[in-house]
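Single-letter residue listing:
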Amino acid sequence: MGAIHRRVMNIARGVRYTGGMRAWLGLSVIGALSACVIPTQAWAAHLYLDPPGGVHGHTDTFSVPVRIDPQGTCINAVSVRLAYDPAVLSVIDIGVGSSIIPLWTTRPTIERGPSGETGLVVLEGGIPGGYCGRVSGDLGAADTLAELVVTGASRLEGNTEAIRASIVVDPGTVVYRNDGTGAAADLTVLGVDLDFVATSSSPANTWLEAVKNDTIAPELFDVTLVRGPSVGSAKHYIVFSTTDKQSGIDHYEILETDPDRFGFLTWVPRESHWVRGESPYVLRDQELRSKILVKAVDKNGNERIVEYTPPLSLLKVLTYPAFLVLLLALLVLLGGGVLGVVMWVRRVRAKRRQVTAGGSSEV
Amino acid sequence: MVSRANTRCRVVFAVCIALSITPGTVGAVYVATTSVSLTVCGDAIVSGNEFCDDGTNTGVYADSIAGKHCTPLCSAWGPHCGDGVMQTLYGEECDDSNNTAGDLCDPVCQNEQDPVTEGGGGGSGSTGGGGGRSSGGARGIQGAVTEGSVPFLGETSVIIKGRAYPGATVTVLRDGEVERVVEADGAAQFEFSLTDQTPGITTFGFWAVDRAGRRSVTYAATFQIIQNAVTTLAGILLPPTLGATPEQVPPGGSVTFAGSAVPSATVRAYVDASEAAEETQASKLGEWSIAYDSSPLTAEAQHTVRAHYLDPVNTALKSGYSALTTFYVGTGTPTPGGSADLNGDGLVNLTDFSILLFHWNSTGPMGDINTDGTVSLPDFSIMLYQWTG
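To start, this report covers the structure provided alongside it. Note that the coordinates shown come from a computational prediction; the quantities given were computed from them, not determined experimentally.

Describing a positive patch on the surface
- Positive charge collects at one region of the surface, where A:Arg346, A:Arg349, A:Arg352 and A:Arg353 lie side by side.
- Within the fold, A:Arg346 resides in helix H5 (residues 321-362).

Notes on the sheet that holds strand E12 (residues 248-249) of chain B
Residues and elements named next belong to chain B.
- Read across the sheet, five strands follow the order E12-E18-E17-E14-E15 without closing on themselves; strand pairing throughout is mixed. Across the chains shown, the open sheet's two edge strands, defined by having one partner strand only, are E12 and strand E15 (278-281).
- In the sheet, E12 pairs with strand E18 (residues 325-329) via two bridges, with the strands oriented parallel. Among the inter-strand pairings, Val249 is bridged to a residue of E18, identified as Val329.

A short note on the side chain of A:Glu256
Residue and element names in this part refer to chain A.
- Mapping Glu256 onto the fold places it in strand E15 (residues 249-257).
- A distance of 2.8 Å separates a polar side-chain atom of Glu256 from the backbone nitrogen of Arg284.
- A polar contact is formed between the side chain of Glu256 and the backbone nitrogen of Asp285, at a distance of 2.9 Å.

Focus: the pairing of strand E9 (residues 163-169) of chain A
Residues and elements named next belong to chain A.
- Strand direction decides the pairing type here: strand E4 (residues 75-84) and E9, joined by three bridges, are antiparallel. Of the residues in E9, the one forming a bridge with Leu82 is Val169.
- Pairing geometry for E9 and strand E12 (residues 192-197), over five bridges, is antiparallel. Each residue of the ladder has a partner; that of Ile163, found in E12, is Phe196.

A short note on the pairing of strand E17 (residues 301-310) of chain B
Residues and elements named next belong to chain B.
- By the criterion of burial, E17 is predominantly enclosed, with eight of the 10 residues buried.
- Here five bridges tie E17 to E18, and the two strands are oriented antiparallel to one another. Paired with Val305 across the two strands is Thr325, which belongs to E18.

Description of the packing of aromatic side chains
- Within the structure shown, the criterion is met by 11 aromatic pairs over all chains.
- Here a set of aromatic residues connected by ring pairs shows up, and it is made of A:Phe221, A:Phe240 and A:Tyr252.
- Looking at A:Lys295, its charged tip hangs above the ring of A:Trp274, at a distance of 4.4 Å from the centre.
- Here the basic side chain of B:Arg215 rests over the ring of B:Trp207, its NZ or CZ set 4.8 Å away from the ring centre.

Re helix H4 (residues 377-385) of chain B
- Of all nine residues making up H4(B), nine are buried, and the element is well covered by its neighbours.
- Those residues of H4(B) not exposed but buried are B:Leu377, B:Pro378, B:Asp379, B:Phe380, B:Ser381, B:Ile382, B:Met383, B:Leu384 and B:Tyr385.

Things to note about the side chain of B:Asn349
- On the secondary structure map, B:Asn349 appears in the loop between E18 and helix H3 (350-358).
- On the accessibility criterion, B:Asn349 (13% relative accessible area) is buried.

Description of the state of the cysteines
All names here are of chain B.
- Taken as a whole and judged by the stated rule, the model has five disulfides over all chains.
- Between the sulfur atoms of Cys41 and its disulfide mate Cys74 the distance is 1.9 Å. Because the torsion about its S-S bond is 90°, the bridge between Cys41 and Cys74 counts as right-handed. With Cys41 in strand E1 (residues 37-41) and Cys74 in the loop between E1 and helix H2 (125-128), this residue pair connects regions lying 33 residues apart in the sequence.
- Cys41 gets classed as buried once you look at its relative accessible area, which sits at 4%.
- Each sulfur of the disulfide joining Cys81 and Cys109 lies 2.0 Å from the other. Disulfide Cys81 to Cys109: torsion about the S-S bond roughly 95°, handedness right-handed. Placement of the pair is Cys81 in the loop between E1 and H2 and Cys109 in the loop between E1 and H2, with a sequence separation of 28 residues. Of the two residues, Cys81 and Cys109, neither departs from the other in class, the shared state being buried.
- If the cysteines joined by disulfides in chain B are listed in sequence order, their pairing comes out as 1-4, 2-3, 5-8, 6-7.

Parameters at a glance
Residues numbered from 1 in each chain as written. Chains lettered and ligands numbered in written order. Predicted model: local features only at pLDDT ≥ 70, side-chain atom pairs only at ≥ 80, totals over all residues. Heavy atoms only, no water. Patch = residues over 30% accessible without salt bridge, like charges linked within 9 Å, V, L, I, M, F, W, Y side chains within 5 Å. Areas by Shrake-Rupley, 256 points an atom, 1.4 Å probe, with all protein chains shown as cover. Salt bridge = Lys/Arg side-chain N within 4 Å of Asp/Glu carboxyl O. Lys, Arg positive; Asp, Glu negative; His and termini not counted. Charge placed at Lys NZ, Arg CZ, Asp CG, Glu CD. Helix = DSSP H or I, 4+ residues; strand = E, 2+ residues; numbered from the N terminus. Pairing = 2+ DSSP bridges. Polar contact = N/O pair within 3.5 Å; in protein donor to acceptor, adjacent residues only side chain to side chain. Buried < 20%, exposed > 50% of the residue type's maximum accessible area, 1.4 Å probe, protein only. Phe/Tyr/Trp six-rings, centres within 6.5 Å; stacked < 30°, edge-to-face > 60°. Lys NZ or Arg CZ within 6 Å of the ring centre and 35° of its normal. Disulfide = S-S within 2.5 Å.

And the structure:
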């Protein structure tokens, strides 16, 4: 099967004039062969790595898209595992800017196998409402799950012959049907072979160039407070999610700031600083007195900051320092007023006594 | 930049994919539909309902027919010299529907002197045009619109058109978050536009509530929003709503399947894995119902039904399938179906997703929607199916 696929991809490479033609011819042939070779999986979804053509310098950095063609099946969740030999290939990053997946159960990860001899990329996420394939007329590549950013391993230096590195789809890869049953869809997969040669010329980095062109901040998003006890957790936490449609989200940062710095019975200043975190994020301030800021940062450093103020409860209002200061001011004013009235009454009485005393002396 | 040849090839590819999805051949209940199409006003290809598309679509005034600009929505040509309408706003003194000289209206729509009566008989049409104004610099570079000194390349916007049910409330999701709520008209059609969109791969989801309060499944389409262009997603057919009443019937009892679809559509309902459909026609208000005799069904068991409809305008097009609805035949106690609304607020959204993640890989019961003893991807898949945003 692997040999057939390799041959198929060679055929596809042989007629590589435009990306669209290559995709069309390559996928048509693959689809036809898959249908012939495995008739029971004729309507299976097809997950494949889209190979960039040609031979690469061992220091070049480029992206390899991981694509899916549901072929009539509607899918909604994927768990993709891709294995490679780290001795000849390095996966240095995973791009999700052009991904069709907006929700990730875990951020895409690059791992090493137990013995360290295998590199493993894990992609796990889903599409609300499902994905049934490319829309007729779509000019974009709306079938990408992620892009693997790869480069040749440094140990290739000095090799005079081209070295072939493979990325294979692990058998643990699962795609789920969008039918409400949580059942896995039939799936055919295809890995990729990449050819590297040692070169002394300056490395090409198409990935970095693409990232540098991203000047747009991540999409605007909402921060939602989840009251922990109602969902089986003892703590309050926040949830958030957004996308960046160019270079992809790099990370999130969270800042909890108490503008008054002091609580009613907490006279120790709260320190405010950004911390990296993921959704769901358990709040440090479980009393919900702090204002919360969430920052989404994309691969090129563009930022989107969203502010969230937890709703005020009566207890919090009553124990807010600002409220206490106001209450104190009111008490001072009230006390001053009472004192003023007392003094005025005394003065009036004193005057009356004086008047009374004067009248008596005249008599 | 996508070349025209490349674009055509990709379009052909997409069509081939669409054609390969032959309705009925799969027999499964999760077949993709092919009614949705995308047109991009700004790709220099006239497609779909576009009247024109010159790639930039500024719609600004042009001083010749050859240089005319398409309007930003690709629905008409912008004003130009030669359109037969005298545009005094743009300095036209005449417009005789052409750009030829010697016919009293010069190529840039300025009055020409009559060569016979005023030119003394010696002049010719072509030389008479020599005194006309410059067609270039005075009006700036053709095709460029400026706001102050910054070139304006056109808005990035999306137009969405589809059909739900008459009077339905349609909730629109953008990458899983509620973008807006629109209402379908009496003919079940809805249409709206979104401006200032970020270009890139985007998933729009749609679900509707019919007049009886029944909710549809979420229908989603993923595509690329093109920068500085109007991307139109058309042909959306929301799957029908479906309810089964009563939810439990004695063996041999009758159960009614009812819901909403587009008016006058042929609705087909499939019970369990049967390929034989129960068929009816929706009313002009889009309502439909089927009385189903449960005699052939296994007693003391849970059964499922789902439905779709044929587009009454083009019966070759089918909607997607409705939600899988369950009913119980027998007198026993049915097992309740798993709900992804983990916090019970009536919505399935990011909050429920976070709760699921909070209990990820645990044994539940919170988050274990399919009750298989672990909170994992199948539960996530069910949640995505029930997603409301």
